[in-house]
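Residue-level structure breakdown
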Amino acid sequence: MAEPVRRTLAATTLVLAAAVAAFVLETDGLRAFTSETARRLAVERSPVPLPPVRLRDSRGEAIRLAELGRPALIEFVYTRCPTLCVALGQSFARIQDELVRAGAEPRPQLVSVSFDPVRDDAAALAAYGEAHGADPRRWRIVLPETEAGLRSLLEAAGVVVLPDGEGGFVHNAALHLVDREGRLAAVLAPEEIDRAVAALAQ
Amino acid sequence: MSAEAGSTTGRALGLLPIAAALLLRERLEARLVTHLLVEFPLLLAGGALLAGPWIPARLAAWNRGGATGLAAAFGVLGFFLLPRVVDASVAGGGHGLAKVVLLPVAGAALACSLPLLPWLGRQVLAAQLLAMTAAMGWLYTALPERLCLRYLRSEQDELGVALLLLALAGFLLWLGRLLAGERATARGPIGGVPSPVSAG
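What comes next concerns the included structure. Note that the coordinates shown come from a computational prediction; the quantities given were computed from them, not determined experimentally.

Reading the values: rules and limits
- Once a new chain begins, its residue numbering starts again from 1 and follows that chain's sequence as written.
- Whichever chain is written first becomes A and whichever ligand is written first becomes 1, with later ones labelled in order.
- Only residues with pLDDT of at least 70 are given local features in this predicted model, and only at 80 or more are side-chain atom pairs given and counted; all residues enter the totals for whole chains, interfaces and linings.
- Hydrogens and waters are ignored; side-chain quantities use all the structure's heavy atoms.
- A run of H or I in DSSP becomes a helix once it reaches four residues, and a run of E becomes a strand once it reaches two; helices and strands are each numbered from the N terminus.
- Type-normalised accessible area, obtained with a 1.4 Å probe on protein chains alone, sets the label of each residue: buried when under 20%, exposed when over 50%, and partly exposed for intermediate values.
- The contact criterion used throughout is that any non-hydrogen atoms of two residues lie within 4.5 Å.
- Both definitions apply: the radius of gyration is a C-alpha atom measure, and the globule rule equals 2.2 Å times residues to the power 0.38.
- Areas reported as accessible are Shrake-Rupley estimates using a 1.4 Å probe. Residue values count occlusion only from the protein chains shown.
- Any carboxyl oxygen of Asp or Glu within 4 Å of a side-chain nitrogen of Lys or Arg constitutes a salt bridge here.
- In this description, one arc is meant: the one made by directions from the helix axis to the C-beta atoms.
- Using protein atoms alone on a 1 Å grid, points that fit a 1.4 Å probe yet trap it form a cavity, whereas open point sets bounded by protein on both sides within 12 Å along at least five of seven lines form a pocket; residues with an atom within 4 Å of a point count as lining.
- Grid points are joined across faces, edges and corners, and a volume is the space filled by probe spheres set on the points.
- Here the term charged refers only to Asp, Glu, Lys and Arg, the term nonpolar to Ala, Val, Leu, Ile, Met, Phe, Trp, Tyr, Cys and Pro, and the term polar to all other amino acids, Gly among them.
- For two strands to count as paired, DSSP must find a minimum of two bridges between them.

This part takes up the overall build of chain B. Helix and strand counts for chain B come out as 11 helices and zero strands. Taken from N to C terminus, the helices and strands of chain B fall in the order α-α-α-α-α-α-α-α-α-α-α. A total of 200 residues make up chain B; the buried ones form 38% of that total. Within chain B, contacts between residues separated by at least 24 positions form 69% of all contacts whose residues are at least 6 apart in sequence.

The structure is reproduced here in structure tokens:
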């Protein structure tokens, strides 16, 4: 074989090996091609500490995720949302029903966090809770007390909120499992009800 | 102006698209379609112009038929088209920096390697790229979920339609050049471009 052909074969093999290595590393072993999948895998590998943000609910009571003392689920919503947040609210309603059916002690383990401080006042938060049958002993509808707190919480959880151009927002639709230490321990799909209920019981 | 001076000026022009991409970066990355179909081509074109179809003799021996350069260029391009890398490169940081450095390098690799690829190889590559562009366009319009967290679902549609139109335009151009090449060959070979029949 001619020398340039041999060299080209060697160089091309090296370049292709580097490209394959970059693809494999960047996609977590070809498992995560999108940021959302990558976020779920990263959280499951190593829980992410969430900032100790004060969250105020529709009744004016302040809570912190790390102070709940039990595993909890959080979802990020805005109350005017006609699509994703309705599905998330329905998931929380089903999880609440399952907890009641299982005889779980009524403690706040479901937290809907609004990311729309402009429109989601206490009345809007209360209306969202009412519409989904939220029992305040188990399910709180809250808004971070400060915009900086909201931003840090969204960033730590890997939630991206974009204006949809029609007055609403587009955002990740997921159930976020927070452990007793207030760390994000898993990101579940809204339909993973059984897994969510089992995690809350631990 | 000497040919050498002209070639240097031509190469220096490569800085313009790169500068434009960097200056307009925020605006271009605000939409998926301009991110991928304006910023990417500007960075690639800048690198291609800077390099020109020139390759040092010492390197040419490692790039027979343009194989190494093409593998590098498409490896880089494929990597930066991964949805999570598209997201990460908008957020800035290492991915954003790597993009503005490596896409011009990919453009330079293309410019150095495409002329070395045999005629038939160029046709196969063009057909492959057109098919992939059309497939990507269809995928972006057909997938119900958002691939990139930093862009809206409607922007995926926009990109998909743009890619389909690009594939159609590329196909028509490719077909036109093939037919024109065939006619030219029928009259007598011009510029050494064989017709598909003579190439086969």
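The secondary structure content of chain A amounts to six helices and 10 strands. Its C-alpha atoms give chain A a radius of gyration of 21 Å, clearly above 17 Å, the size a compact globule of 202 residues would have. Expressed as lengths along the three principal axes of its C-alpha atoms, the size of chain A is roughly 80 × 40 × 30 Å. Residues classed as buried in chain A amount to 47% of the 202 residues present. In chain A, once contacts between residues fewer than 6 apart in sequence are set aside, the share between residues at least 24 apart is 71%. Counting only carbon and sulfur atoms, one obtains 58% of the accessible surface of chain A, whose full area is about 9,700 Å².

Residues and elements named next belong to chain A. What the rule picks out here adds up to 25 salt bridges over all chains. As a salt-bridge pair, Arg 40 and Glu 36 come within 3.0 Å of each other at their nearest N and O atoms. A residue pair is termed a helical-turn pair when its members lie 3 or 4 positions apart in one helix, as Arg 40 and Glu 36 do in helix α2 (residues 35-45) at four residues. A relative accessible area of 21% places Arg 40 in the partly exposed class. Under the relative-accessibility criterion, Glu 36 is labelled buried at 16%. When salt bridges that share partners are traced, they join Asp 57, Arg 59, Glu 61 and Arg 140 into one network.

Turning our attention to helix α5 (residues 147-157) of chain A. Residues and elements named next belong to chain A. Those residues of α5 that sit buried are Gly 149, Leu 150, Leu 153, Leu 154 and Ala 157. Down the axis of α5, the buried side of the element spans an arc of 130°, and every buried residue falls inside it. In α5, the exposed positions that point more than 90 degrees away from the buried face belong to Arg 151 and Glu 155. Taken together, the buried residues of α5 touch α2, β2 (55-57), β4 (72-77), β5 (110-114), β6 (139-144) and β10 (183-188). Downstream of α5 by one or two residues, Gly 158 has phi in the positive range, about 75°.

What follows is about empty space enclosed by the protein. Residue and element names in this part refer to chain A. Following the criterion strictly, the structure yields one cavity of 30 Å³ or more and no others. In terms of lining residues, the largest cavity is bounded by Leu 50, Pro 51, Pro 52, Val 53, Leu 55, Leu 65, Ala 66, Leu 153 and Gly 182. Broken down by class, the residue content of the lining of the largest cavity amounts to eight nonpolar, one polar and no charged.

The subject of this paragraph is the pairing of β6(A). Each regular strand carries side chains that alternate between the two faces of the sheet. All names here are of chain A. A large share of β6 lies buried, amounting to six of its six residues. Here β6 shows no split at all, with Trp 139, Ile 141 and Leu 143 on one side and Arg 140, Val 142 and Pro 144 on the other all buried. As judged from the three bridges shared by β2 and β6, these two strands associate in the antiparallel manner. Bridged to Asp 57 within β6 is Val 142. Relative to β6, β5 is paired through four bridges, and the arrangement is parallel. Bridge assignment links Leu 110 to a residue of β6, and that residue is Trp 139.

Take it as geometry only, folks, not as evidence of what the structure does.
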